[in-house]
Amino acid sequence: MKKRKLCLVGNGMAGVRCMEEILKLAPDLFDITIFGREPHPNYNRILLSSVLAGDADIRDIVLNDWNWYEQNGITLYTGETVTSIDAEQRNIYTDCGRVESYDDLILATGSLPFMLPLPGIDKEGVIAFRDINDCKTMMEASKTYKKAVVIGGGLLGLEAARGLLNLSMDVSVVHIFDNIMERQLDPVASKLLQSELEKQGIRFLLEKQSAEILGDTRVTGLRFADGTAEEADLIVMAVGIRPNAALAQESGIEVKRGIVVNDYMETNIDHVYAVGECAEHRGTVYGLVAPLFEQGKVLAKRICQMDAAPYEGSTLHTKLKISGVNVFSAGEFMDTSDTRAIRVHDEWEGVYKKVLVRDDQVVGAVLFGDTKDSTRILEMIRTNATISELQRVAILQNLSSSSGASELDYVAAMSSDEIICGCNGVSKGTIVEAIYEHGLNSVEGVKKCTGASRSCGGCKPLVANLLQCVLGDQAQTSNQKEPICTCTTLSRDELVREIQEKCLTSVREVMHVLDWTEPEGCSKCRPAINYYLNMVFPELHEDERESRFVNERMHANIQKDGTYSVVPRMYGGVTSPAELKKIAEVAEKYQVPLVKVTGGQRLDLLGVKKEDLPNVWRDLDMPSGYAYGKAIRTVKTCVGSDFCRFGTQNSIQMGIDIEKAFERLDTPAKIKMAVSGCPRNCAESLIKDIGVVGIDGGWEIYIGGNGGVHAKVAQLLCKVKTNEEVMEWVGAFLQYYRENANYGERTSAWMERIGLSSIQRALENTETRRELNYRIAAALGVLSDPWQDIIQKENIRQLFENVAVNV
Ligand SMILES: Cc1cc2nc3c(=O)[nH]c(=O)nc-3n(C[C@H](O)[C@H](O)[C@H](O)COP(=O)(O)OP(=O)(O)OC[C@H]3O[C@@H](n4cnc5c(N)ncnc54)[C@H](O)[C@@H]3O)c2cc1C
Ligand SMILES: NC(=O)c1ccc[n+]([C@@H]2O[C@H](COP(=O)([O-])OP(=O)(O)OC[C@H]3O[C@@H](n4cnc5c(N)ncnc54)[C@H](O)[C@@H]3O)[C@@H](O)[C@H]2O)c1
Ligand code: SF4
Ligand code: FES
């Protein structure tokens, strides 16, 4: 039978996904030709945010490489724009003079970024963020220029801003309303997000109407309608998108906001279909991939002349892709007169959750700080589930949050038709079936087979947990190779191995010998390499302060107003009248505006001027508390058996001993510890990286707790009888973490990745613990107090005083 001729205009995410569905259903039905304006094969546009943020490489975001087109017999024309359609003759015409006939035509031309029609818009340095080219322009600009302004505080603008910040630019976000992401978040969540992003270093200019782009040939600033202005070397416009429907309109196809389609993605012209962001369905134009992929499935069936359920529209749901910031929004998010809300707002933990209910049906949700409930709530919205009074009470108190259950418990409790991958609509049941049927044991395998995690990647941890749940130790969830940054293809383990084998002893040497693509590295890899060198060769490698983050270079925490905070070491949180007097005198002498007790039981002198730091340290004459470093921070203690009538162990002394033994030690991420004298746990040992709890006749040691944004309850590592054993196990655990975790990875995340049992297996061997303690002693042996070093050594002090503060 003669194949029908199928043409696709637009080589993007929606069109090519629809083609994949068609090839799955009827691989021999069509002779396929694809036209794409961009000079690339189909790539994952979503991950451009990750490329900009340095978390992915452009080479890794290709979805269908050149071979895929060839293997499927597809003729592909890239860098070629379709300029008109003759629907009567069924011909299309391109800017290269090509004429192509078709039997069926799919339009998937996507969107165009909206550019505000401001005077000066055509100046050099004013761009959108839509494609690989824009991404490259931003990365290039960051090498020469410092000040970026992003116009638009929506999803795209915020992800662009975070990426530019990672590229070491100063970033301001200009937003027209008082609340950012007002299309997805209610005012409470919006303000929480703004505050979190401000902490990360993004500046917000709210309720600002842009009026003019300043500069001669290149942009130098942005002027607002209120007369104020903001300096800018680069302006990124992220104020929304418009369906790219001009080609269709000029060819006589019905267009309103987008190309008008019915429930089968058919336009008003026979044999012409539209899918993706260019299409308007029942008055709605979508700008997220999940609906576009749903549309593609319906169209594929229709075009293959198979029975297809109509496309009836989608529930919108989205997550912001900024690492460390968890934001989810689905369906309705603003309270109305006929909705009632179930709300949780924990200001300590920075968690806000709101679920909107109308007539006992969940119609929307906003989650900030903890988004683990998102799949479950989305399922309720999608299926119009009615909730009982009991469910209403429990809806935000599920397994994932306060009860301390693990991520694995959470995924185990999901029902089989719950969706794991929102972008691609893949359920838990489908993945489990694929794992068994195809013998899959990795996230990559699941991705290839089911499509789960192929788009935004946000569901990867859930897929990994599901694999572990189904396969236990057989699951390969931790050893997938991930380069440490985009300057190299080397993973953390490979880098450490190369350092050891090639005996590399400086950051520069590592970059040179291991063929770094950026000769100076980036803000992600430089501190990481410095840490790995310190860890592998503590005695050989001289710490490279210029590779450290600003707080570690300054040995103090920089504050909002540019001053610093100084936290002296107070072992176990114990002080004395003499010490308190000294601190009070220093605070008075240097007019320290605020003295505060920290969460770790230390005294914090806030607001110290940079130039006063060395003198403050000299006058204090106390060791640094390392409150600024990826290092051993504090050991919090309770009153313990000496004073407390419930105490079974001397927690104060144990805390002091631990702190004295391991102070100053560099670790992949900060380490907080606590010792409680009995299971009442007054020192909150169970939310610390290491928590020690006194019991009758000994101690319990807990690991992997976290009291921050990603709260985690610590898990029991072991029970021991003596104080010496506590020191031995704590030392071994610390060194094992130092040697195996990724730089920047807290113990809680590391443990979630590799599993408690693998740590227990490694440390249960006495000989291993002995060797680990031997190596930690070597690392500790070369450390000295940094404050004293700066005071005593003139050259370091000068260096310190001249250091450029680069946040
Ligand atoms: C930085 C960024 C981050 C994003 N993050 C997310 C996210 O986290 N989650 C999410 O769901 N969505 C996200 N999106 C949105 C998502 O990428 C889009 O919804 C999706 O790519 C749209 O697919 P599409 O095929 O309709 O359009 P596109 O992917 O834009 O593809 C259309 C293609 O058609 C080509 N074309 C247009 N006209 C012609 C012509 N006349 N001839 C030939 N070729 C033509 C265009 O050059 C383009 O390559 C993000 C978008 C960006 C830019
Ligand atoms: N994580 C994700 O899901 C994700 C990430 C990036 C992009 N996207 C998608 O890409 C598309 C583009 O994103 P977007 O953020 O540009 O679109 P958007 O329409 O979601 O947001 C644009 C924002 O710009 C603001 N704005 C409008 N005019 C302005 C002006 N003159 N000055 C300042 N601010 C102004 C709006 O109030 C709005 O908040 C959307 O479809 C979005 O869903 C999604
Ligand atoms: S944890 Fe136990 S020993 Fe420590 S203060 Fe509380 S009750 Fe007393
Ligand atoms: S949720 Fe986006 S890829 Fe799975």
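Given the structure is predicted, the values throughout are model-derived calculations rather than measurements.

### What to know about the site of ligand 2
And then number 1: Neighbouring residues of ligand 2: 22 residues in total, closest E159, E182, R183, T318 and K319.
And then number 2: Between K319 and ligand 2, the recorded distance is 2.8 Å, taken from a backbone N or O atom to a nitrogen atom.
And then number 3: Protein contact buries 87% of the 840 Å² of open area that ligand 2 shows by itself.
And then number 4: Within the residue set of the shell around ligand 2, elements represented by two or more residues are α5 (155-166) and β21 (317-319).
And then number 5: Considering every element that reaches the shell around ligand 2, the biggest residue donor is α5, with three residues.

### Topic: the sheet that holds strand β13 (residues 210-215)
And then number 1: Strands sit in the order β13-β14-β15 across an open sheet of three strands; the sheet is antiparallel. This sheet does not close on itself; its edge strands, each paired only once, are β13 and β15 (229-231). Within this sheet the neighbouring strands show an average axis-to-axis angle of 25 degrees, counted without direction.
And then number 2: As paired strands, β13 and strand β14 (residues 219-224) are joined by five bridges and run antiparallel to one another. Looking across to β14, one finds that I213 is bridged to L222.

### With respect to the site of ligand 1
And then number 1: Around ligand 1, a shell composed of 32 residues is seen, among which A14, E38, R130, E277 and K321 lie nearest.
And then number 2: The contact in question runs from an oxygen atom of ligand 1 to an N or O atom on the backbone of M13, over 3.3 Å.
And then number 3: Within the contact set of ligand 1, an oxygen atom lies 2.6 Å away from a side-chain nitrogen or oxygen of K321.
And then number 4: Here ligand 1 has 990 Å² of accessible area as a free molecule, and 93% of this is covered by the chains.
And then number 5: Where the shell around ligand 1 is concerned, the elements lending two or more residues are α1 (13-25), β2 (30-36) and α8 (289-303).
And then number 6: The greatest single-element share of the shell around ligand 1, amounting to three residues, is contributed by α1.

### Quick look at unusual backbone geometry
And then number 1: Positive phi, normally seen in glycine, also occurs at M265, with a value near 65 degrees.
And then number 2: Following the sequence through the fold, M265 ends up in the loop between β18 (259-261) and β19 (272-274).
And then number 3: Phi at Y626 is positive, roughly 55 degrees, even though this residue is not glycine.
And then number 4: Relative to the elements of secondary structure, Y626 occurs in the loop between α20 (613-620) and β32 (632-637).
And then number 5: Judged by relative accessible area, Y626 falls into the buried class, the value being 9%.

### Topic: the pattern of salt bridges
And then number 1: This model, assessed by the stated rule, comprises 49 salt bridges.
And then number 2: Here K354 ties to D335 by a salt bridge, and the two come within 2.7 Å at their closest N and O atoms. You can see K354 sitting in strand β24 (residues 351-358) and its partner D335 sitting in the loop between β22 (327-331) and β23 (340-346), a full 19 residues away along the chain.
And then number 3: A salt bridge links E659 to R602, with the shortest nitrogen-to-oxygen separation between them at 2.7 Å. In this pair, E659 is assigned in helix α21 (residues 651-662) and R602 in the loop between β30 (594-597) and β31 (603-608), connecting sequence segments 57 residues apart.
And then number 4: What you see here is one network of salt bridges that share partners, running through K353, D370, K372, D373 and R376.

### Observations concerning helix α25 (residues 766-781)
And then number 1: In a regular helix each residue adds 1.5 Å, so 16 residues correspond to 22 Å; α25 covers 22 Å between its end C-alpha atoms and thus fits that length.
And then number 2: Within α25 the residues assigned to the buried category are R769, L772, N773, I776, A779 and L780. On an axial view of α25, the arc spanned by its buried residues comes to 115 degrees, and they lie on one face. Of the exposed residues in α25, those oriented more than 90 degrees away from the buried face are Y774 and G781.
And then number 3: Summarising the contacts, the buried residues of α25 are in contact with α21, α22 (723-740) and α24 (756-763).
And then number 4: Between the side-chain oxygen of the N-cap and the backbone nitrogen of E767 there are 2.7 Å, and the N-cap of α25 in question is N765.

### A closer look at the environment of T722
And then number 1: By the element assignment, T722 lies in the loop between β36 (715-720) and α22.
And then number 2: Note on T722: relative accessible area 32%, which makes it partly exposed.
And then number 3: Expressed as a C-alpha distance, the spacing of T722 and W699, which sit 23 residues apart in the sequence, is 7.4 Å.

### So, the packing of helix α15 (residues 492-502) against helix α17 (residues 525-536)
And then number 1: Closest axis-to-axis distance for the α15/α17 pair is 10 Å, and the angle between their directions is 50 degrees. By the angle class used here, α15 and α17 are oblique. For the crossing formed where α15 meets α17, the hand is right-handed. Along its contact with α15, which presents R492, L495, V496, I499 and Q500, the element α17 presents I529, Y532, L533, M535 and V536.
And then number 2: Of the residues in the contact of α15 with α17, the class split is eight nonpolar, one polar and one charged.

### Some points on the confidence of the model for the protein chain
Low-pLDDT portions of the prediction should not be read for the details of their coordinates.
And then number 1: Confidence in the prediction for the protein chain averages 91 pLDDT; 95% of positions are at 70 or higher.
And then number 2: Low pLDDT, under 50, characterises residues 802-807; the predicted model gives this stretch 14 contacts beyond four residues in sequence or across chains.
And then number 3: In the model output, the complex is listed with pTM 0.67 alongside ipTM 0.92.

### A closer look at helix α23 (residues 747-754)
Because each turn of an α-helix spans 3.6 residues, side chains separated by three or four positions in sequence point in the same direction.
And then number 1: Of all the residues in α23, the buried ones are T747, S748, W750 and M751. Around the axis of α23, the buried residues are gathered within 165 degrees of arc, so they sit on the same side.
And then number 2: The inward-facing, buried residues of α23 contact β33 (671-676), β35 (698-703), β36, α22 and α24.
And then number 3: Once α23 finishes, G755 follows within two positions and takes phi at roughly 90 degrees, a positive value.

### A look at the sheet that holds strand β16 (residues 234-237)
Strand pairing in a sheet relies on backbone hydrogen bonds, with the paired strands running either antiparallel or parallel.
And then number 1: Strand order across the open sheet formed by five strands is β9-β16-β10-β11-β12, with parallel pairing between neighbours. What marks the edges here is a single partner per strand, and that holds for β9 (126-128) and β12 (203-205). Between one strand axis and the next, the sheet turns through 25 degrees on average, direction left out of account.
And then number 2: Strands in contact with α5 are β10 (147-151), β11 (170-174), β12 and β16; relative to β11, the strand with the most contacts, it is inclined by about 170 degrees.

What counts as what
As a convention, each chain's residues are numbered from 1 in the sequence order in which they are written. Note on labels: chains are lettered from A, ligands numbered from 1, in written order. In keeping with the model being predicted, local features are shown solely for residues with a pLDDT of at least 70 and side-chain atom pairs are shown and tallied solely at 80 or more, while totals for entire chains, interfaces and linings include all residues. Only hydrogens and water are removed before side-chain values are computed, so all heavy atoms of the structure are retained for them. If a single non-hydrogen atom of a residue is within 4 Å of a molecule or strand, that residue counts as near it. Identification of polar contacts relies on pairs of N or O atoms within 3.5 Å, with a donor-acceptor requirement for protein atoms, meaning one able to donate a hydrogen and the other able to accept it, and with residues adjacent in sequence counted only if both atoms are side-chain atoms. To be clear on the numbers: accessible area is Shrake-Rupley with a 1.4 Å probe, and residue cover counts the displayed protein chains and nothing else. Strands are runs of DSSP state E lasting at least 2 residues, helices are runs of H or I lasting at least 4, and numbering of each runs from the N terminus. In this scheme, strands are said to pair when DSSP sees at least two bridges between them. A fitted line through C-alpha atoms represents every axis, and for helices the fit uses only the stretch in contact; the resulting angles, taken between N-to-C directions, go from 0 to 180 degrees. Only protein chains enter the calculation, and the probe is 1.4 Å; a residue is then buried if its accessible area is under 20% of its type maximum, exposed if over 50%, and partly exposed in between. What counts as a salt bridge is simple: a side-chain nitrogen of Lys or Arg found within 4 Å of a carboxyl oxygen of Asp or Glu. A helix is expected to reach a length of 1.5 Å times the quantity of its residues less one. The arc in question is traced by the directions running from the helix axis to the C-beta atoms. By definition in these notes, contact holds between two residues if any of their heavy atoms fall within 4.5 Å. Angle categories: roughly parallel below 35 degrees, roughly antiparallel above 145, roughly perpendicular from 65 to 115, and oblique for all the rest. What makes a crossing left-handed is the near helix being turned counterclockwise from the far one by less than a right angle; a clockwise turn instead makes it right-handed. Amino acid classes used here: Ala, Val, Leu, Ile, Met, Phe, Trp, Tyr, Cys and Pro are nonpolar; Asp, Glu, Lys and Arg are charged; the rest, including Gly, are polar. The predictor attaches a confidence to each residue, and that confidence, scored 0 to 100, is pLDDT.

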